[in-house]
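A structural walkthrough
Here are the chains, one letter per residue:
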Amino acid sequence: MLPSGVPARSSTRLALRDGGPTDFTEAWLRNRRLSEHTRDAYRRDVASWLTWCAARGLDPLRATFLDVNDYGRDLESTVGARSGRPLTPATVARRLSALSSWYDFLVKLRAVDANPVADADRPRIDRDHSTTIGLTPEEVDRLLAAADTDTGPTADRNRAAIALLADLGLRVGELVSLDLADLGAERGHRSIRFVGKGGRARRRALTPGTAYAVDAYLAARAAAQGVPVTDLTGPLLVTASGNRLDRHSVFRMVRRLAQAAGLPAWAKLSPHSLRHAFATTARAEGVPLEDVQDAMGHADPRTTRRYDRDRHNLDRDPAYVIWAARARRRA
């Protein structure tokens with residue numbers, strides 16, 4: 001609650017100057033339905049902007065679109081710590097998008113009159129371009145085969161994880177957030193429920209192969225603990241020590257198995273590669289775009305189309321369908 005007699009804008013400005021940006025950032029993040037991974041990324045994005053402002057003696061509440069443009073140019077020339085190359089336009093655009101959302105929140109708090117990012121220049125993003133390395137159906141088969149022949153104490157878990165990624169096209173964050181309580185059965189289908197991107201509750205069917213891999217993993221896990229499967233609780237996928245499997249471990253798992261499968265681009269693959277493969281294969285097999293969109297949890301069908309790596313294949317040109325229909329009419 002604001003102190004008596006203190007205008008909302010003045011109070012917010014005072015809080016920001018007295019070390020309050022972090023508090024406002026946390027309030028903004030709590031106000032949005034985001035995964036922990038996305039929260040961490042957005043937190044870093046805002047912190048980067050605030051650090052940039054502090055280095056220039058700029059009050060972030062008085063920033064204009066010109067300041068945001070300068071910041072954007074600096075981001076474009078910033079070298080990524082991991083890649084050793086300048087940040088991609090997509091990364092710069094994502095950082096500015098996070099900053100814009102933060103300012104929208106401050107506008108609602110009446111801390112600023114307008115969002116300075118709204119009128120700023122943003123990098124042009126090619127919706128047809130993705131830096132994710134894709135996989136052909138045959139390469140996915142080889143990856144699954146490598147998981148099937150994997151050995152060691154985590155082999156059963158790895159098979160289940162790869163099956164869930166390949167057959168359901170889950171995001172890695174969705175995969176590692178799954179709990180045993182999310183497993184279920186609906187109208188004859190084995191199913192799994194989870195919270196997807198944007199905080200939307202979702203459910204997916206488990207294929208027979210995925211259900212078998214999950215059941216085998218849980219049976220082995222229960223046997224190792226000396227308890228019935230029904231007594232298992234907590235995360236669905238766990239480490240050897242019993243902790244929840246994290247996204248970094250999944251990245252390493254995918255690349256290790258891809259290397260074992262002899263995939264040429266194994267060092268650049270990620271769990272997202274399997275998500276792209278899911279969309280491409282589903283569309284190639286004739287699954288309607290809207291069904292693939294629903295399965296992947298995309299709000300915009302254009303996002304789903306970007307995942308479909310085979311969408312420009314001339315084999316799918318509708319001209320052939322029209323010509324064939326015309327030929328049937330003339331016959």
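Going by the structure above, here's the rest.
Below is a summary of the structure that appears in this document. On a predicted model such as this, the values are computed, not experimentally measured, just so you know.

Brief notes about the packing of helix α4 (residues 65–76) against helix α5 (residues 89–108)
In the contact formed by α4 and α5, the axes pass within 10 Å of each other and the chain directions differ by 145°. Pair α4 / α5 crosses with right-handed handedness. Residue-level contacts link Val 68, Tyr 71, Gly 72, Leu 75 and Glu 76 of α4 to Val 92, Arg 95, Leu 96 and Leu 99 of α5. Residues that form the contact of α4 with α5 fall into these classes: six nonpolar, one polar and two charged.

Quick notes on the pairing of strand β2 (residues 189–195)
Summarising the sheet, strand β1 (residues 183–186) and β2 pair through four bridges and their orientation is antiparallel. Paired with Gly 184 across the bridge in β2 is Ser 191. What sits between β1 and β2 in their antiparallel hairpin is a turn of two residues, with Arg 187 showing a positive phi close to 50°.

Quick notes on the sheet that holds β2
With antiparallel pairing, three strands are arranged side by side in an open sheet as β1-β2-β3. Unpaired on one side and paired on the other, β1 and β3 (201–205) mark the two borders of the sheet. This sheet shows a mean twist of 40° between the axes of neighbouring strands, independent of strand direction.

Remarks on unusual backbone geometry
One non-glycine residue, Arg 110, adopts positive backbone phi at about 65°. Positive phi outside glycine occurs at Arg 187, with the angle close to 50°. Structurally, Arg 187 can be placed in the loop between β1 and β2.

As for the environment of Arg 204
For Arg 204, the location among the structural elements is in strand β3. Note on Arg 204: relative accessible area 12%, which makes it buried. Beyond its immediate stretch of four places on either side in the chain, Arg 204 contacts Asp 167, Leu 168, Arg 190, Ser 191, Ile 192, Phe 194, Phe 278 and Ala 295. Here Leu 168 takes part through its backbone oxygen, which lies 2.7 Å from a polar atom of the side chain of Arg 204. Within the structure, Arg 204 has its side chain in polar contact with the backbone oxygen of Ala 295 (distance 2.9 Å).

What to know about the nonpolar core
One recurring pattern in soluble globular proteins is that nonpolar side chains are buried together. Among the nonpolar cores identified, the biggest contains 41 residues, and Leu 164, Leu 175 and Leu 236 are the most heavily contacted of them. Broken down by secondary-structure element, the contributors of at least two residues to this core are α6 (137–148), α7 (155–168), α8 (172–176), β2, α9 (208–225), α10 (247–260) and α11 (271–284). Sorting elements by how many residues they give to this core places α7 first, with seven residues. Setting aside anything within four residues of it in sequence, one finds Leu 175 in contact with Ala 161, Leu 164, Leu 165, Leu 170, Leu 237 and Val 250. By size, the runner-up hydrophobic cluster in this structure holds 28 residues, among which are Trp 49, Leu 75, Leu 99 and Tyr 103.

Here we look at the packing of aromatic side chains
In the structure shown here, the tally under the stated rule is six aromatic pairs. Note on Trp 52 and Tyr 71: the rings are 5.4 Å apart at their centroids and 65° apart in plane angle, and the pair reads as edge-to-face. Highlighted residues: Trp 52 in helix α3 (residues 36–55) and Tyr 71 in helix α4, separated in sequence by 19 residues. The pair formed by Trp 52 and Tyr 71 is uniform in burial state, with each residue classed as buried. An aromatic cluster of three or more residues is present, and its members are Trp 49, Trp 52, Tyr 71, Trp 102 and Tyr 103.

Considering the packing of α7 against α10
Relative to each other, α7 and α10 sit at 95°, their axes nearing to 11 Å. Relative to α10, the element α7 is oriented roughly perpendicular. Contacts from Arg 157, Asn 158, Ala 161, Ile 162 and Leu 165 in α7 reach Val 250, Met 253, Val 254, Arg 256 and Leu 257 in α10. A breakdown of the residues in the contact of α7 with α10 according to their chemical character gives seven nonpolar, one polar and two charged.

Reading the values: the criteria
- Residues numbered from 1 in each chain as written.
- Predicted model: local features only at pLDDT ≥ 70, side-chain atom pairs only at ≥ 80, totals over all residues.
- Heavy atoms only, no water.
- Axes fitted to C-alpha atoms, helices over the stretch in contact; angles between N-to-C directions.
- Helix = DSSP H or I, 4+ residues; strand = E, 2+ residues; numbered from the N terminus.
- Left-handed = near helix turned anticlockwise from the far one by under 90°.
- Contact = heavy atoms within 4.5 Å.
- Nonpolar A, V, L, I, M, F, W, Y, C, P; charged D, E, K, R; others polar.
- Pairing = 2+ DSSP bridges.
- Buried < 20%, exposed > 50% of the residue type's maximum accessible area, 1.4 Å probe, protein only.
- Polar contact = N/O pair within 3.5 Å; in protein donor to acceptor, adjacent residues only side chain to side chain.
- Core = buried A, V, L, I, M, F, W, Y, C linked by side-chain atoms within 4.5 Å.
- Phe/Tyr/Trp six-rings, centres within 6.5 Å; stacked < 30°, edge-to-face > 60°.
- Parallel < 35°, antiparallel > 145°, perpendicular 65-115°, else oblique.

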